[in-house]
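Now for the letters of each chain:
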Amino acid sequence: MNVNGTLIWYYHICKREVWLMYNHIVPDQNDENIALGRFMHEITYQRQEKEISFGHVKFDIMMQTKDHIVIGETKKSDRYEEASRYQLLYYLSVLKEAGISASGLLLYPSQKKRVKVELALNEEKKLKEIIRNIDIICSQTEPPEVEKNRFCKRCGYREYCYA
Amino acid sequence: MKKDIFIFKDGELKRKDNTILFLGEEQQKYLPIEQVDAIWVFGEVTLNKRFLEIISTKEICIHFFNHYGYYLGTYYPREHLNSGLVILKQVNLYSQDSMRMPVAKEIIKTAVKNILIVLKYYRSRSKLVSSGIETIESMATQIEKCQDINELMAYEGNIRGVYYQNFNDIIDNDNFQFIKRSKRPPLDGINALISFGNSLMYTSVLSEIYKTHLDPRIGILHATNGRKFSLNLDIAEVFKPIVVDRIIFNLINRKVITEKDFKKQTHGTMLTEKGKKKFLKEYTDKMMSTIKHPRLNQYVTYKRLIRLELYKIQRHIVEGDNYKGFVARW
Ligand code: SF4
């Protein structure tokens, strides 16, 4: 199975959403308050011109110091910080596998906030566990049940889950 | 909000730059493509491949009706929402009676509940429909015992027969008498109205199915015969009483539609263009009217309710949790 940054991101939002995404069951396309989906859309499409690709991983900022690379992700708000952090950690691990040592930076321009992200040993372990869990979730024949969480209100699947 | 477009005039539907243009004999009209949900064509309209191309990229369904108002077919652009998993599970449900029957029964039970809601409303307005209600209520208890789809459909047919008999008690106009359901051709005004209204409902449901992962060719009640759409016929059962039939009663009792809105032809009775337009006006108003959805806790249009019903069906198919049909509250 191909775990990617997007699934890592959704894993921290809602496990059910991971399964639905993985199985190509898309959220409502005309939903007027599909904030979450649109949010992902923005970060995946808006940056197409300036993004930097490495394999199937893409970042929007890359800085190089003497002996170290820093990759950055700009986000609108820190509402999804946990999700973004692990997404970035995942990118770092992909780079590491390719023999590139890097660290990450989450940038919230509107909040004038920056968060440093390092692939420490314990983080690496956690990431592996997350990937394993995503594997398990997606290999189920049915999605995890609806569990009300704080993201449901703005989720594109809301009507699908609650109707 | 995107709009449904109904075309009665004769003319040409064209692609013009990146939008669509209707070129009628007297008027030309741009239809901003981003705002179009689906198109219903009643007039004599020509169109070409360039036009179909833009319609396909914008994922718009076009429903065609012939001169008499019969449904001809739908241009259903290639499936845009693809989930192999959903299709596999949908086929699986269709092909296994043990999975299919409970959903089929729930659809019929919901349709019958909505029929009863309509009748009870008219009973509260002093219409003589009590015995019909009793008969249907007792027939409804038998649905659970049905063993297969054919038996279920036969039951549904009988219930509908009783229901149609009540039409005469509800309708205040002696010029409209319902004798029996006749489809091709409709033999009287009521039949013409039912046929027209039902085909609108079938196409509305089809347009909504397009926005889900469900395959409209694979029905639950109606057999899949590879060529026709059938899932839309199934789900329409739930909404016909509370949308189409209510419109018919309203239009006749309020004398919005009169005998003048029909033309008799050698092969039956048809709505005139004016009659169709009156019906459509009422139909779109109804579909755009809102009700408070009990579980979502927000106002939704009837059109949206159809989509929600399809989401429930899709969820049932994918996750096996119980489908509960939408029952109107009054
Ligand atoms: S509505 Fe809630 S439960 Fe459903 S996918 Fe979205 S976040 Fe998950």
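Here the residue numbering is sequential within each chain, running from 1 through the sequence in written order. To read the labels, note that chains go from A and ligands from 1, taken in the order they are written. Predicted model: local features are reported for residues with pLDDT of at least 70 only, side-chain atom pairs are reported and counted for 80 or more only, and whole-chain, interface and lining totals are derived from all residues. As a rule here, side-chain values come from all non-hydrogen atoms in the structure, and water together with hydrogens is ignored.

A. Local environment of the overall build of chain A. Within chain A, the secondary structure is distributed over six helices and six strands. Secondary structure elements in chain A, listed N-terminal to C-terminal, are α-α-α-β-β-β-β-α-β-β-α-α. With 163 residues in all, chain A has 48% of them scored as buried. Throughout, a contact is declared for two residues whenever any of their heavy atoms are within 4.5 Å. Restricting the contact set of chain A to residue pairs at least 6 apart, pairs at least 24 apart contribute 65%. On chain A, roughly 9,000 Å² of surface is accessible, and the fraction owed to carbon and sulfur atoms is 50%. To qualify as a helix, a DSSP run of H or I must reach at least 4 residues; to qualify as a strand, a run of E must reach at least 2; elements of each kind are numbered from the N terminus. Partly exposed describes any residue whose relative accessible area lies between the buried limit of under 20% and the exposed limit of over 50%, with all areas from a 1.4 Å probe on protein chains only and scaled to the type maximum. In this description, accessible areas are obtained by the Shrake-Rupley approach with a 1.4 Å probe, and a residue is regarded as covered only by the protein chains that are shown.

B. Expanded view of the overall build of chain B. Counting its regular elements, chain B contains nine helices and twelve strands. It is over C-alpha atoms that the radius of gyration is taken, and the globule rule equals 2.2 Å times the number of residues to the power 0.38. For a compact globule of 330 residues, the expected C-alpha radius of gyration is about 20 Å, and chain B comes in at 20 Å, within 12% of that figure. Along the first, second and third principal axes, the C-alpha set of chain B runs to 60 × 50 × 40 Å. Classification of the 330 residues of chain B by burial places 55% in the buried group. For chain B, the exposed surface amounts to about 15,000 Å²; the carbon and sulfur share of it is 51%. Counting rule applied: Lys, Arg positive; Asp, Glu negative; His and chain ends not counted. A charged residue contributes its charge at one atom only: NZ of Lys, CZ of Arg, CG of Asp or CD of Glu. Distance from the positive charge centre (52 side chains) to the negative charge centre (37 side chains) of chain B: 3 Å.

C. Seen up close, the environment of A:Asn23. Mapped onto the secondary structure, A:Asn23 falls in the loop between helix H2 (15–22) and helix H3 (35–46). Among the residues examined, A:Asn23 registers a relative accessible area of 11% and is labelled buried. The sequence separation of A:Asn23 and A:Glu142 amounts to 119 residues, and the corresponding C-alpha distance is 10.0 Å. Here A:Asn23 is in contact with B:Ser83 and B:Leu85, once residues within four sequence places are set aside.

D. Expanded view of the interface of chain A and chain B. Between chain A and chain B, the contact holds 20 residues from the first and 22 residues from the second. Here the quantity called buried area is the total loss of accessible area, with a 1.4 Å probe, experienced by two parts when brought into contact, counted for both. Roughly 1,800 Å² of surface becomes buried between chain A and chain B when both sides are summed, with 50% attributable to carbon and sulfur atoms. We count a salt bridge whenever a side-chain nitrogen from Lys or Arg sits within 4 Å of a carboxyl oxygen from Asp or Glu. Across the chain A-chain B interface, the total number found is two salt bridges. Here B:Arg304 makes a salt bridge to A:Glu159, at a shortest N to O gap of 2.5 Å. Polar contacts, as counted here, are pairs of nitrogen or oxygen atoms within 3.5 Å of one another; within protein the pair requires one atom able to donate a hydrogen and one able to accept it, and residues that are adjacent in sequence qualify only if both atoms are side-chain atoms. Inspection of the chain A/chain B interface yields eleven residue pairs in polar contact (both at pLDDT 80 or more). Sorting the residues of the side of chain A that touches chain B by element identifies H2 and helix H6 (158–162) of chain A as the ones contributing at least two each. Each residue gets one of three labels, nonpolar for Ala, Val, Leu, Ile, Met, Phe, Trp, Tyr, Cys and Pro, charged for Asp, Glu, Lys and Arg, and polar for the others, Gly among them. Each residue belonging to the side of chain A that touches chain B can be placed in one class, and the counts come to nine nonpolar, five polar and six charged.

E. Fine view of the sheet that holds strand S4 (residues 28–31) of chain B. Residue and element names in this part refer to chain B. For two strands to count as paired, DSSP must find a minimum of two bridges between them. Strand order in the open sheet made by the four strands is S4-S3-S2-S6, with mixed pairing throughout. Where the open sheet ends on each side, the last strands, each with one partner, are S4 and strand S6 (45–47). With direction set aside, neighbouring strand axes in the sheet form an average angle of 25 degrees. Helix H1 (residues 49–57) contacts strand S2 (11–16), strand S3 (19–24) and S6 of the sheet and is inclined by roughly 60 degrees relative to S2. Here, axes are lines fitted to C-alpha atoms. For helices the fit covers the stretch in contact, and angles between N-to-C directions go from 0 to 180 degrees.

F. Fine view of the confidence of the model for chain A. Residue and element names in this part refer to chain A. As a per-residue quantity, pLDDT reports the predictor's confidence and falls between 0 and 100. Model confidence for chain A is summarised by a mean pLDDT of 79, while 79% of its residues fall at 70 or above. When the elements of chain A are averaged for pLDDT, H3 gives the smallest value, 45, and H2 the largest, 93. Here residues 31–49 is a poorly scored stretch, pLDDT under 50, and it has 32 contacts once near neighbours within four places are set aside; other chains count.

G. Geometry of the side chain of B:His222. Residue and element names in this part refer to chain B. On the secondary structure map, His 222 appears in the loop between helix H6 (189–209) and helix H7 (231–253). In terms of polar contacts, His 222 uses its side chain to reach the side chain of Asp 234, at 2.4 Å. Look past the residues within four positions of His 222 in its chain and what remains in contact with it is Tyr 94, Arg 100, Met 153, Ser 230, Leu 233, Asp 234 and Glu 237.

H. Examining the site of the ligand more closely. By convention in these notes, a residue is near a molecule or strand provided one of its non-hydrogen atoms lies within 4 Å of it. In the neighbourhood of the ligand, the contacting residues comprise A:Cys14, A:Glu17, A:Val146, A:Glu147, A:Asn149, A:Cys152, A:Cys155, A:Tyr157, A:Arg158, A:Cys161 and A:Tyr162. It is H6(A) that contributes the most residues to the shell around the ligand, three residues altogether.

I. Examining the UniProt feature "binding site: Mn(2+)" (unreviewed entry) in chain B more closely. Residues and elements named next belong to chain B. UniProt positions are given in the numbering used here, feature names are shortened, and annotations may be inferred rather than shown by experiment. As annotated in UniProt, the feature "binding site: Mn(2+)" (unreviewed entry) corresponds to Glu 156, His 222 and Glu 237 in the numbering used here. Across 82 residues in sequence, these annotated residues keep their C-alpha atoms within 12.2 Å of one another, forming a single compact spot. The topology assignment puts Glu 237 in helix H7. Discounting chain neighbours no more than four positions away, the residues touching Glu 237 are Ile 107, Ala 111, Glu 156, Arg 160, Leu 221 and His 222. One polar contact links Glu 237 to Arg 160, side chain to side chain, over a distance of 3.1 Å.

J. Main features of the nonpolar core. All names here are of chain B. For the purposes of this section, nonpolar cores are sets of buried Ala, Val, Leu, Ile, Met, Phe, Trp, Tyr and Cys residues that join through side-chain atoms within 4.5 Å. Met 201, Phe 239 and Phe 279 are the most contacted members of the largest nonpolar core, which totals 127 residues. If we ignore the near neighbours within four places in the chain, the residues touching Met 201 are Ala 236, Phe 239, Lys 240, Val 243, Val 244, Tyr 283, Met 287 and Ile 306. Ile 7, Leu 13, Val 41 and Val 45 belong to the second largest nonpolar core, which has 16 residues in total.

K. Structural context of the sheet that holds strand S8 (residues 71–75) of chain B. Residue and element names in this part refer to chain B. Pairing is mixed across the open sheet formed by four strands, whose spatial order is S1-S5-S7-S8. The sheet is open, and its two edges are formed by strand S1 (3–7) and S8, each paired on a single side. Ignoring which end each strand starts from, the neighbouring axes of this sheet average 15 degrees apart. Alignment of strand S5 (residues 36–41) against strand S7 (residues 61–65), held across four bridges, turns out to be parallel. Paired with Trp 40 across the bridge in S7 is His 63.

L. Quick peek at H1(B). All names here are of chain B. Regarding H1, the residues found buried are Phe 51, Ile 54, Ile 55 and Ser 56. Buried residues along H1 sit in contact with S2, S3, S5, S6, S7 and S8. Glu 59, located one to two residues past H1, shows a positive phi value of around 60 degrees.

M. Looking closely at the packing of aromatic side chains. Classification of ring pairs rests on two measures: the distance between centres of Phe, Tyr or Trp rings, Trp counted by its six-membered ring, which must be within 6.5 Å, and the angle between planes, read as stacked under 30 degrees, edge-to-face over 60 and tilted in between. Applying the stated rule across the entire model yields 23 aromatic pairs over all chains. Look at B:Tyr76 and B:Phe229: their rings are 5.3 Å apart centre to centre, the planes differ by 45 degrees, and that puts the pair in the tilted class. Pair noted here: B:Tyr76 is in the loop between S8 and helix H2 (84–95) and B:Phe229 is in the loop between H6 and H7, with a separation of 153 residues, a long-range link. Among the residues examined, B:Tyr76 registers a relative accessible area of 16% and is labelled buried. Relative to B:Phe326, the ring of B:Phe239 lies with its centre 6.3 Å away and its plane at 15 degrees, an arrangement referred to as stacked. Of this pair, B:Phe239 sits in helix H7 while B:Phe326 sits in the segment after helix H9 (302–319), and the two are 87 residues apart along the sequence. Residue B:Phe239 is classed as buried on the basis of its relative accessible area, which comes to 0%. Residue B:Phe326 is classed as buried on the basis of its relative accessible area of 11%. Pairwise contacts between aromatic rings join B:Tyr121, B:Tyr122, B:Tyr163, B:Tyr164, B:Phe167, B:Phe178 and B:Phe249 into one cluster. For a Lys NZ or an Arg CZ to count as sitting over a ring, it must be within 6 Å of the ring centre and within 35 degrees of the ring normal. The ring of A:Tyr11 carries A:Lys15 above its face, with NZ or CZ at 4.1 Å from the centroid. Sitting over the ring of A:Tyr86, A:Arg85 keeps its end group 5.2 Å from the ring centre.

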